Amino acid sequence: MSTNTESKVTVQEVINHLRAPIHDVHDLVRLLCIPLEATGLLPLQYRKYHTLSSESSKAIDASKTFPILQRILLETILPTWEPTLKEEGYMPLIQQYFCPDDPSNSSTAAGIAALCAYSSILSLSTQIKLDMLLKLTREYPIDRLYKIISEIPDAERRSLAWDDCLRNVFAVPGKVANALEGRIIPPLLEMPDYTDNLSVRCEYLLYTLSSTFVPGDVSLLTQLFTKLVGVGMFPSSTHLSPSQPSFFRSTLLVIRQRLRENGSSSQAYKSLWSTLMSSLPSLLTQQAVVGSLFASLESMSVPDACNGSTISREALLLQGVLGEASSDTNFWQVITAVILTRTWSQNHARLFVCWISRNTRALESFISGVLSVWTSPDHIKYSLLSHHRYVSALLLLSVTQFPCLSPQVEAVALSPSFVSAIGTYIGHTDNSIRRCGMLVAEIVASRVGKSLDFCDWDGDDDGRNWAREMRKLCIWGDTVSDPRFEDRDDVGIHEGVSSNDNIEGDSAQNLQLESEVSLPRSSGMKTVEIPTDAGYDSDDSLTGYASPSAGSPSPTPSELLEIEQDPTLHIGVKKVSRPVYLAQLGALLRNTHGLGSGEESHEAEKIEMALTAGEDLIRRKRDFGTELVENAANLVYGFIVLNNNYDLEDFDDKRQRIVTALVACCPKVAAPCAIEEFFKSQYSTEQRFVILNALAMGARELASLPTYSSSRPPLFPSKKLPPGLHQKYSAAGLHDHVGLLLGDITREAADKSREPVTDSLPEFNRERQLRIRKAGKVTEVVQRPIHGIVPPQLQPPKAVTYPDVAAEYFIMPFINRFWVFLRDEQVREERTAHRDILFQYRGAGTGLILNPVILSHFLRTMAVLVHASRNGPQWLAVIAPEALELAVTLGSRQVSLALSDQVKEMSAAPGGRKDEAAVLTSSLDLAIIVLDGSLEQDGGRTLSLEHAVLLLSVGEWAGEVFKVLDSGGRVEGMGGTYEADLRRAAAGVVLKFQELASRWRRSMVDVR
């Protein structure tokens, strides 16, 4: 509606006053009366509060004003004034804005207010929401909203408004359930009751529109039924749970009653239904509605409770809803697709034939479609017995609708595909399926005057009883059922069928021919005589093998492929589907059967699928909600503990990549879990290496650093193996990626000498933290009223980088947990030190953490983690001194009694051990990285002045090691690559210490 300037200003002033603080309830009431009076919705008892003169009370556009007013009421007025308004009795005035009462609800403004109320209430989570929604659903259902929207003159605006209305109406149960969060939902707003009421109102809408129906204007109704299909109101299952919504289950009784009414109203109702069904825009939508209608016929699901009158009554229902069967329309293709592509009951087959038989051309087209399915080799070979019986019943009941010796029946009998299918059926291995083909062949042959009997119908097993029932149905049929059992309203459909001259035939002739095949024949009766020539010898058709071998020929590739694709050979075989959620990925790792339960192959397939799809799925879920955070811990546990019990290909590499992806994609959860698991005693050396490698490479990935070394050792030459095998066996011994990375890092640190970055580039000065800063639970939000700046709460979350999480989630938890573990292990060793050596506890045994193999790799991993975190704010004050103390301690002291001199002498072997040199080399590498990083960040100032004692200890330790090596001394396990690496590492630490000492020695003396 149009509005003048004065009324716009008046309404705008009301909106401004409502947004501002109001101190008096009477002022609030007077403000609320102004828009209601302007739209004609103000109740009579509140007119005394309207103080404006009649000249200023002009009409306003309710569609533009009411959404704003409703939102202000829900967000501002009701949270403050609701108790007062209830106490003073003014709540009906508030409800007029959302659900106007009679008699005003028949006006256009009342309907617009209700339409806007659905959207406004559903967009908020307020306590008043339930009361408003309950009243709206009762007083403004879908049929009344349709009437309001249909009055919009513009077709495009009408379609958009109807689409918004449908979205809001169908969202009510879900919005209410989410808002209540598990609390009790009012019955009318629960999904079953709400959808039932919605279905009833939709059917009532069709009935009311049928009297004024215009055939070309069903666009809004098609939108409605498309939405009903989209939300699952047309299920195709015949057995539904009480909570499953179903349109036809709620409305089928009412539809039957309306179709049985006499007069023009029933014809108009049928016309609207048939027009609507054929006007639905999508074939899938049409199939869903038709399939749900067929499935909702509960009388068809009872095997032995359907007589002729029941079938006729249901056929009358199909004719009223779907219209007369006609092969000239596109809707016919939808109907035949639903009938032929699904497996319905035998009663459904009788119903379909009874309905289609009213039109001869439609029945001929239907027989052609059924025959194409029945003769299909794939159908004969792969379909289940229920589908075979259903399709055979369709074919027999359709053929027997035509008189004997009619052209339609002869066309079926003489069809080459039909003759070929009979032979295929006879050769089928399943006796019940074979009898389906035999029965069809006998009855079709009898309809064309031929005699055919397979003499295999005595008894009740293997489909013989079903065959006898089908013979009776073919004789009597459903269109000539006994009138004594028919309802009064069912006579019309039988009269229509019997009046069809093209199908009507001589009943006596039909019964006479059918009687020949109605009863089972004796097994000794001769049925088919095959004439043979006098000179024919059956042995002439046999041809011997050219080869003297008596073995059978090998199957061809096409035969092997056909055998492989035969679903009957894979019955009961479980196929592992690719996981799409992380919870499904975790479920694949859980072995519920054990190794000796006969499910080893299935468990192997599950683990192989988890390894194949794990990394890609984890990386895709990285920034997708909280799914990865919720499942990261379980996945870390599952993949670390995994063993290659089934000799899967690339098991180690795939598992390593998955655990690395977990650390890189969810560092705040996966890294602490992996660190905690590392110190548990249940894991092997290989599994601990997986944890350490994942932490190192995941940290490098988070820091945007290369995760693999650029200087890999050359592969051995091979001139005999193919490229695939060469790559396989050359990569069989997994490279130590962490060791290669550390070699590159220490080599670069030992060779370079540079000035501090913060001195040469002042713009790179960054914040320095003296301790790890915990994130506050309550953060102050600073409002920035700058135009164009996105508020902080609306900005996308910042990507996690390794320097931000290194100290809190990687390095410090790892170091602290190691000290606790070392203390506990040494205490256990001391408690058993007085016992015989056989009964003493050794913390450095095979597979234990203090074993030099694992301990050296732990130090190498720590060196990589420390190097990647050099740009973190806690590096100088926290990470560097703690890591340097760890390196000095493990490099200068024996952490376990198993490595004491006494044990070494007892267990010494002629080739020596490499474990000691490995631990010492890794400790020196870690020290080089810390000293080089300190020089690079601030020239070594923080480390030299605040941790002078530690730094001098490092210099003394490294100098002593270098002195021993330079004088020709050897370390246990020294030799090969360890000798060169140890010399290089010791020399590098000595050089870095001298560079630091030359700068800060004078300042370090006082501290010393």
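Everything numeric here is computed off the predicted structure, so don't read it as measured data. (Residues numbered from 1 in each chain as written. Predicted model: local features only at pLDDT ≥ 70, side-chain atom pairs only at ≥ 80, totals over all residues. Heavy atoms only, no water.)

## Notes on the overall build of the protein
- Helix and strand counts for the protein stand at 44 helices and zero strands.
- For the protein, with 1008 residues in total, the buried portion stands at 47%.
- Just so you have it, the protein exposes about 51600 Å², and 53% of that area is on carbon and sulfur atoms. (Helix = DSSP H or I, 4+ residues; strand = E, 2+ residues; numbered from the N terminus. Buried < 20%, exposed > 50% of the residue type's maximum accessible area, 1.4 Å probe, protein only. Areas by Shrake-Rupley, 256 points an atom, 1.4 Å probe, with all protein chains shown as cover.)

## So, unusual backbone geometry
- A positive phi angle, near 55 degrees, is found at D462, a position not held by glycine.
- With respect to the secondary-structure elements, D462 resides in the loop between α23 (431-447) and α24 (464-476).
- By relative accessible area, D462 is classed as partly exposed at 30%.
- The phi angle at S704 is positive, at roughly 60 degrees, despite the residue not being glycine.
- Along the chain, S704 turns up in the loop between α33 (685-702) and α34 (723-730).

## Observations concerning the nonpolar core
- Formed by 163 residues in total, the largest nonpolar core has its most connected members in L18, L224, F225, W273, L322, I339 and L394.
- Here this core takes eleven residues from helix α5 (residues 108-122), the largest share from any one element.
- One finds A610, L642, I675 and Y802 within the second-largest nonpolar core, a separate group that totals 116 residues. (Core = buried A, V, L, I, M, F, W, Y, C linked by side-chain atoms within 4.5 Å.)

## Quick notes on the environment of H17
- If you trace the backbone, H17 turns up in helix α1 (residues 5-19).
- Considered as a pair, H17 and L28 are eleven residues apart in the sequence and their alpha carbons are 8.8 Å apart.
- Excluding residues within four positions of it along the chain, H17 makes contact with I22 and L31.
- Here the side chain of H17 touches E13 through a polar contact of 2.6 Å, landing on its backbone oxygen. (Contact = heavy atoms within 4.5 Å. Polar contact = N/O pair within 3.5 Å; in protein donor to acceptor, adjacent residues only side chain to side chain.)

## Here's the deal with the side chain of D925
- For D925, the position within the fold is in helix α41 (residues 915-938).
- An unpaired buried charge is present at D925: no salt bridge exists, and R984, the closest side chain of opposite charge, is 4.1 Å distant.
- When residues no more than four places from it in sequence are discounted, the contact partners of D925 are L742, T746, R984 and A985. (Lys, Arg positive; Asp, Glu negative; His and termini not counted. Salt bridge = Lys/Arg side-chain N within 4 Å of Asp/Glu carboxyl O.)

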